[in-house]
Amino acid sequence: MSLHNKVIWITGASSGIGEALAHALVAKNSKLIISARNGVALQAIKANYPAAQIEVVPFDLLDFDTAPAVVAKAISFFGKIDVLVNNGGISQRSLIAETDFAVDKKIMDVDYFGTIALTKALLPHFIQNQSGHYVTVTSLMGKFGSPYRSGYCAAKHALHGYFDVMRMEHEKDGVAVTLVCPGFVQTNVAINALTADGSPQVKNSETTANGMLLADFIPKMVRAMEQKKFEVYIGKKEVLGIYLKRFLPKYLHTIVMKSKVN
């Protein structure tokens, strides 16, 4: 599928993977709708490309009840939406025994329920058009677990279950689903990750700092979108965890327990 002239809506577009994807799609001559809580950052991205077709829709994934109105506004810009990139979310760095339940709930609300609320609100539009593509950014942590990320892993696992069923139920309606599973990528995800009391970690982690460059990650993600792949795993050696979990789960457990997790 060519992304030329496609209307693509990206959540979590103010920084990291979302922002880098927006830059790449401008080069593909896509029509973009960019969303995040930080409206100032979104406007700055739009200002970088005065000749491009970019619209801004700030919103918070926690505002579940506003999802139908946000979807209606997004559709109004170009008359349709071809692709929704569910990229917005937040990570975690805290032990289960020390984490406030409110933090577990917030991670699930943002990463899972916020994504689902927006997805469901857009689904009738995709069904009516008999065409649509959900591109949901999960994580390798949606396929196997790691200490300090219990709530995050749970939310990402949940996304896999939900969108696998979305693909099954609505393939007949022309709806496609691509699950993008990043490993460690050089973004602010660790800096913004929630700690045990809900405050951000503030500092970066060694694994994230040494992760894949966005310049290497984004072309692989774009190619997966164009090919409408079911799932794609993008990272460095941590991708091997997918196959160890599948065939040698106890060995993966041993490796993770011996690793420096941060």
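In this report, the structure presented in the accompanying data block is examined. If you're wondering where the values come from, they're calculated on a predicted model, not measured in any experiment.

Quick look at helix α4 (residues 101-129)
Phase 1 of the analysis: With 29 residues, α4 extends 41 Å between its outermost C-alpha atoms, agreeing within 8% with the 42 Å of an ideal straight helix rising 1.5 Å per residue.
Phase 2 of the analysis: Along α4, the helix axis deviates most sharply at aspartate 109, where the bend reaches about 40°.

Here we look at the sheet that holds strand β4 (residues 83-86)
Phase 1 of the analysis: Taken in spatial order, the seven strands line up as β3-β2-β1-β4-β5-β6-β7 in an open sheet, and their pairing is parallel. Sheet topology places β3 (54-56) and β7 (231-234) at the edges, where each strand pairs with a single neighbour. Strand-to-strand twist in this sheet, taken as the mean axis angle between neighbours without regard to direction, amounts to 15°.
Phase 2 of the analysis: Of the strand pairs in this sheet, strand β6 (residues 175-182) and β7 are connected by four bridges, and their pairing is parallel. Pairing of valine 180 across the sheet is with valine 232, part of β7.

Digging into the pattern of salt bridges
Side-chain pairing between opposite charges can occur once the charged atoms of the two side chains come close.
Phase 1 of the analysis: Going through the model one piece at a time under the given rule, you end up with seven salt bridges.
Phase 2 of the analysis: Between aspartate 164 and arginine 167 there is a salt bridge whose closest N-O contact spans 3.1 Å. A residue pair is termed a helical-turn pair when its members lie 3 or 4 positions apart in one helix, as aspartate 164 and arginine 167 do in helix α5 (residues 150-170) at three residues.
Phase 3 of the analysis: A residue is classified by how much of its surface remains accessible, and arginine 167, at 8% relative accessible area, is buried.
Phase 4 of the analysis: Notably, a salt bridge pairs aspartate 173 with lysine 172, separated by 3.4 Å at the nearest N-O pair.

Points about the environment of alanine 154
Phase 1 of the analysis: Position of alanine 154 among the secondary structure elements: in helix α5.
Phase 2 of the analysis: Judged by relative accessible area, alanine 154 falls into the partly exposed class, the value being 36%.
Phase 3 of the analysis: The spacing of alanine 154 and glycine 142 is twelve residues in sequence and 7.3 Å in space, taken between C-alpha atoms.

Considering the nonpolar core
Phase 1 of the analysis: With 33 residues, the main nonpolar core has Trp9, Ile33, Ile81, Leu118, Leu122, Tyr134 and Phe163 as its most contacted residues.
Phase 2 of the analysis: Residue assignment for this core shows that the elements contributing at least two residues are β1 (7-10), α3 (67-78), α4, α5 and β6.
Phase 3 of the analysis: Here the element with the most residues in this core is α4; it accounts for ten residues.
Phase 4 of the analysis: Among residues more than four places away in sequence, those in contact with leucine 122 are Val71, Ile75, Ile81, Leu84 and Tyr134.
Phase 5 of the analysis: Judged by nonpolar contacts, the second largest core, of 32 residues, contains Ile10, Leu21, Val83 and Val185.

Quick notes on the packing of aromatic side chains
In this description, an aromatic ring pair is defined by two values, namely the gap between the centres and the angle between the planes.
Phase 1 of the analysis: For the structure shown, the criterion picks out seven aromatic pairs.
Phase 2 of the analysis: Their ring planes at 85° and their centres at 6.2 Å tell us that tyrosine 112 and tyrosine 162 sit as a pair that is edge-to-face. Linking tyrosine 112 in helix α4 with tyrosine 162 in helix α5, this pair joins segments that are 50 residues apart in sequence.
Phase 3 of the analysis: Taken together through their ring pairs, the aromatic side chains of Tyr112, Phe113, Phe126, Tyr134, Tyr162 and Phe163 make up a single cluster.
Phase 4 of the analysis: Lying over the aromatic face of phenylalanine 230, arginine 167 brings its terminal NZ or CZ to 4.0 Å of the ring centre.

Focus: unusual backbone geometry
Phase 1 of the analysis: The backbone of glutamine 130 sits at a positive phi, close to 55°, despite the residue not being glycine.
Phase 2 of the analysis: With respect to the secondary-structure elements, glutamine 130 resides in the loop between α4 and β5 (132-137).
Phase 3 of the analysis: Backbone geometry at tyrosine 148 places phi at a positive 75°, although glycine is not the residue there.

Rules of the game
- Residues numbered from 1 in each chain as written.
- Predicted model: local features only at pLDDT ≥ 70, side-chain atom pairs only at ≥ 80, totals over all residues.
- Heavy atoms only, no water.
- Helix = DSSP H or I, 4+ residues; strand = E, 2+ residues; numbered from the N terminus.
- Expected span 1.5 Å × (residues − 1).
- Bend = angle between axes of the 7 residues up to and from the residue.
- Pairing = 2+ DSSP bridges.
- Axes fitted to C-alpha atoms, helices over the stretch in contact; angles between N-to-C directions.
- Salt bridge = Lys/Arg side-chain N within 4 Å of Asp/Glu carboxyl O.
- Buried < 20%, exposed > 50% of the residue type's maximum accessible area, 1.4 Å probe, protein only.
- Core = buried A, V, L, I, M, F, W, Y, C linked by side-chain atoms within 4.5 Å.
- Contact = heavy atoms within 4.5 Å.
- Phe/Tyr/Trp six-rings, centres within 6.5 Å; stacked < 30°, edge-to-face > 60°.
- Lys NZ or Arg CZ within 6 Å of the ring centre and 35° of its normal.

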